[in-house]
Amino acid sequence: MADNLPSEFDVVVIGTGLPESIIASACSRSGQRVLHVDSRNYYGGNWASFSFSGLLSWIKENQEKTDVREDSEDWRKLILETEEAISLNKKDNTIQHVEDVCYASQDLAEDVKEAGALSKLPAFGASDTSEAAQESEKECLPVESQSLGTESCEISPESVTCNDPESMTERKDAEMTSERENLCDATFDQSALETGKTDNVSTAEAAALDPKKITYTQIVKEGRRFNIDLVSKLLYSRGLLIDLLTKSNVSRYAEFKNVTRILAFQEGRVEQVPCSRADVFNSKKLTMVEKRMLMKFLTFCLDYEQHPDEYQDYKECTFSEYLKTQKLTSNLQHFILHSIAMVSEADSDTIDGLKATKHFLQCLGRYGNTPFLFPLYGQGEIPQCFCRMCAVFGGIYCLRHSVQCLVVDKESGRCKALIDHFGQRISANYFVVEDSYLSEKTCTNVCYRQISRAVLITDQSILKTDSDQQISILTVPPVERGQPAVRIIELCSSTMTCMKNTYLVHFTCSSTKTAKEDLEPVVQKLFSLNAEAERESENGGGLEKPRVLWAVYFNMRDSSGIDRNSYDCLPSNVYVCSGPDCALGNDYAVKQAETLFQEMFPKEEFCPPPPNPEDIIYDGDGAQPEDPGFSSSSNIKTDPSPKESSDGDSCKVSEEHHKE
């Protein structure tokens, strides 16, 4: 039971966000005794994904901002005279200005519930630490996967067989069921996600939905088909997170889809940006002269370090100004700045822009036609994958397990233990704490930034094509110089993040005001918020915009880049992990996790590859046990997915391919 944990560990990790989960996995993999706790009733913290009803509960909790009642002060009696306590937060204060708006027809009866929903979870901070209740919120019903225009990738050390996304549009709709694994207190099931056919009745109901007449009732009933991320990110195919997932074999717990389109917003229109050489020469948007200009510049960017004379005089200029000095049309400059390099027009210098462009080009073609991958079921799956790995190597997990304080030895200045809400004193050598758990007193001198976020459920894609199963990324440049650009990621139902005939659209930018003030003007440019106006547009023959069915806006704290010295009275063996940053990729979280791990264990390898089954030595008379079904050869697939044999859309990544 969670109220009777061992009293000693090597490492205690507080918070289950991505960097904390990576650190916990790395520590457990290196043989450390790890306790991983979170006061929330779900994994991931601000990296989490929710079903629709789960998100509504999260919204309600953050809108009410009720004060957490003070528990008994009995724990203070456990503090000795030679010790002092550093109190931790009992309430997450990283989310502000939450506002949700329903634009769909609200014919909702009070007794309408999410299909398959179980009883509500215990209140936040309750002492029950069973993960079964938490997983009831996350566990998915059968979900339809439309394999049109996208590829599904399972990254594992095996052979790679990727198909062209365009060739998949002729395939029949594939139906898939996720047998989601429960994350337990002490261990996790090591089996990968399995897929199967959905229930015929459920399929018939979903197919009967009219995409132009989706109501709020239907969204609530199909709420378990949604997996809505609090933070919107993509994985670069040659980024640090993909490399770590492949190296550590944590990738076997997840599947991915290729982002199929990179879009640009120019002169009030949304256009598709050509990325690869084939895209450039097949594009009808560019003239032949523009195609040659673009290919020449992109070829230069791939090895720009070898030609310093080309940019030496422009190092102090912004990348935008540098592009104007090249033989590029304004159309090409816009594409490169906002859709390829994806850097700030006002703040990024020439070197930053060239580096970003080179990274983009290096990631092309590894798994698909764009540099990006998206995890099935949302970004919130990634922290859970690392938690599974930690548990496999002996890590202990407790959700809804709040920590009262850290106990610091006055003489040495080191943290020696923590006291949880049961009053149990747990000792450890190292403590890793997510920033949101630190009290206002500890963070007095910390200056935080904010991220503006919006999540929309819409009825159509922002750029219609023959396939309705597209995963797109779009950057809307700022209207005024100095303002942040807005990044938009649009997800279709085959990503397992929304119901059929809807799209999930994520907006992200650095905050200047509240999230709604920052993002609603961009939403209005691309979408229709008024159903009556939409009908008039249809009847009048005007250009039809996708209609927003439901939206939520909120501001999230960006605690990245905070210097350790900014925190007051932080013991030397307490390490702080930041929440999500505003960047598109996950490199900052991976770098931070590796840096903190190396500070704790400088002689240990960070997330080493798993042992080869042939190298395992068994105790006893030397006879090995019967083969449990895993491969004994590194050249044979060790974790085949059901989809692999029946669906040509899946792709596998070889270790050799990873190292090239």
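Remember, it's a predicted structure, so these values are computed and weren't measured experimentally. (Residues numbered from 1 in each chain as written. Predicted model: local features only at pLDDT ≥ 70, side-chain atom pairs only at ≥ 80, totals over all residues. Heavy atoms only, no water.)

(A) Geometry of the overall build of the chain. When helices and strands are tallied, the chain shows 17 helices and 26 strands. For the chain, buried positions account for 56% of its 660 residues. Of all intrachain contacts in the chain linking residues separated by at least 6 positions in sequence, the fraction that spans at least 24 positions is 76%. (Helix = DSSP H or I, 4+ residues; strand = E, 2+ residues; numbered from the N terminus. Buried < 20%, exposed > 50% of the residue type's maximum accessible area, 1.4 Å probe, protein only. Contact = heavy atoms within 4.5 Å.)

(B) Spotlight on helix H6 (residues 240-248). Within H6, burial applies to Leu241, Ile242, Leu244, Leu245, Thr246 and Ser248. In the stretch just after H6, Asn249 is the one whose phi turns positive, near 65°.

(C) Focus on the pattern of salt bridges. For the coordinates displayed, the defined rule picks out 17 salt bridges. Arg269 is paired through a salt bridge with Glu271; the nearest N and O atoms lie 2.8 Å apart. On the accessibility criterion, Arg269 (42% relative accessible area) is partly exposed. Three or more residues are tied together by salt bridges with common partners; here these are Asp38, Arg40 and Asp92. (Salt bridge = Lys/Arg side-chain N within 4 Å of Asp/Glu carboxyl O.)

(D) Structural detail: the confidence of the model for the chain. With 73% of its residues at a pLDDT of 70 or more, the chain shows a mean pLDDT of 80. Within the model, pLDDT remains below 50 along residues 156-209, and this stretch shows 156 contacts once partners closer than five positions in the same chain are excluded. Predicted confidence for residues 621-648 stays below pLDDT 50, and this span has 43 contacts to residues more than four positions away or in other chains. (pLDDT = per-residue confidence, 0-100.)

(E) Looking closely at the side chain of Asp409. Note on placement: Asp409 falls in strand S16 (residues 403-409). Here Asp409 occupies a buried position and makes no salt bridge, while the nearest side chain of opposite charge, Lys416, is found at 4.0 Å. Setting aside anything within four residues of it in sequence, one finds Asp409 in contact with Thr82, Arg414 and Lys416. (Lys, Arg positive; Asp, Glu negative; His and termini not counted.)

(F) Layout of the nonpolar core. Ranked by size, the top nonpolar core spans 95 residues in total, and within it Phe297, Phe319 and Phe507 carry the most contacts. Per-element accounting of this core gives the leading share, eight residues, to strand S24 (residues 548-558). In contact with Phe507, not counting residues within four places along its chain, are Ser452, Arg453, Ala454, Leu456, Val486, Arg487, Ile488, Leu519, Val522, Val523 and Phe527. Among the nonpolar cores identified, the runner-up in size contains 45 residues, and Ala24, Ala26, Tyr43 and Cys385 belong to it. (Core = buried A, V, L, I, M, F, W, Y, C linked by side-chain atoms within 4.5 Å.)

(G) Spatial organisation of the sheet that holds strand S17 (residues 415-420). A sheet is described by the order of its strands in space; here four strands give the open sequence S4-S16-S17-S18, paired in antiparallel fashion. One side of each edge strand has no neighbouring strand; the edge strands of this open sheet are strand S4 (83-87) and strand S18 (425-427). If you compare each strand with its neighbour and ignore which way they point, the axes differ by 30° on average. Where S17 and S18 come together, three bridges link them in antiparallel fashion. Directly across from Ala417, in S18, lies its bridge partner Ser427. (Pairing = 2+ DSSP bridges. Axes fitted to C-alpha atoms, helices over the stretch in contact; angles between N-to-C directions.)

(H) Examining the pairing of strand S19 (residues 430-434) more closely. Counting buried positions over the five residues of S19 gives five, a clear majority of the element. Side-chain alternation along S19 places Tyr430, Val432 and Glu434 on one buried face and Phe431 and Val433 on a second face that is also buried. Judged from the four bridges that link them, strand S1 (residues 11-14) and S19 form a sheet pairing that is parallel. Looking across to S19, one finds that Val13 is bridged to Val432.

(I) Local environment of the packing of helix H8 (residues 288-302) against helix H11 (residues 350-363). The contact between H8 and H11 brings their axes to 8 Å, and the two run at 95°. Between H8 and H11, the angle is such that the two are roughly perpendicular. Here H8 contributes Phe297, Leu298, Phe300, Cys301 and Leu302 to the contact with H11, which in turn contributes Leu354, Thr357, Lys358, Leu361 and Gln362. Taken together, the residues of the contact of H8 with H11 sort by class into seven nonpolar, two polar and one charged. (Parallel < 35°, antiparallel > 145°, perpendicular 65-115°, else oblique. Nonpolar A, V, L, I, M, F, W, Y, C, P; charged D, E, K, R; others polar.)

(J) Molecular detail of the packing of aromatic side chains. Within the structure shown, the criterion is met by 18 aromatic pairs. Judged by centre distance (5.6 Å) and plane angle (50°), the ring pair of Phe597 and Phe601 falls under tilted. Taken individually, Phe597 and Phe601 each receive the classification buried, so the pair is uniform in this respect. Taking NZ or CZ as reference, Arg557 lies 4.1 Å from the ring centre of Tyr448, over its face. We note Arg564 situated over the ring of Tyr575; from NZ or CZ to the ring centre the distance is 5.6 Å. (Phe/Tyr/Trp six-rings, centres within 6.5 Å; stacked < 30°, edge-to-face > 60°. Lys NZ or Arg CZ within 6 Å of the ring centre and 35° of its normal.)

(K) Up close: the state of the cysteines. Applying the stated criterion across every chain yields a total of zero disulfides. In this structure Cys405 is not part of a disulfide, and its nearest cysteine sulfur, from Cys415, lies 8.6 Å away. Overall, the relative accessible area of 0% leaves Cys405 in the buried class. (Disulfide = S-S within 2.5 Å.)

(L) Representation of the pairing of strand S14 (residues 372-375) in the model. Residues of S14 alternate between two faces, with Phe372 and Phe374 on one and Leu373 and Pro375 on the opposite face, all of them buried. The pairing of strand S10 (residues 235-236) with S14 spans two bridges and is antiparallel. From the neighbouring strand, Tyr236 faces S14, where its bridge partner is Phe372. Two elements, strand S11 (residues 256-258) and S14, share three bridges in a ladder whose sense is antiparallel. Bridge pairing in S14 places Asn258 opposite Leu373.

(M) Quick peek at unusual backbone geometry. A positive phi is found at Glu267, a non-glycine position, where the angle reads about 55°. Secondary-structure assignment places Glu267 in the loop between strand S12 (261-266) and strand S13 (269-272). Within the chain, Asn501 stands out as a residue other than glycine whose phi angle is a positive 70°. Mapped onto the secondary structure, Asn501 falls in the loop between strand S22 (486-491) and strand S23 (503-510).

(N) Main features of the sheet that holds S13. Ordered by their spatial adjacency, eight strands build an open sheet running S5-S24-S20-S23-S22-S21-S12-S13, and the pairing between neighbours is mixed. One side of each edge strand has no neighbouring strand; the edge strands of this open sheet are strand S5 (95-102) and S13. Averaged over all neighbouring strand pairs, the angle between strand axes comes to 20°, with direction disregarded. By the bridge criterion, four bridges tie S12 to S13 in an arrangement that is antiparallel. Opposite Gln266, over in S13, you have Arg269 as the bridge partner. Those strands touched by helix H2 (residues 52-64) are S5, strand S20 (449-458) and S24, and its axis lies near 130° from that of S5. Packed onto the sheet, helix H13 (residues 515-526) meets S5, S12, S13, S20, strand S21 (472-476), S22, S23 and S24 and runs at close to 145° relative to S24.

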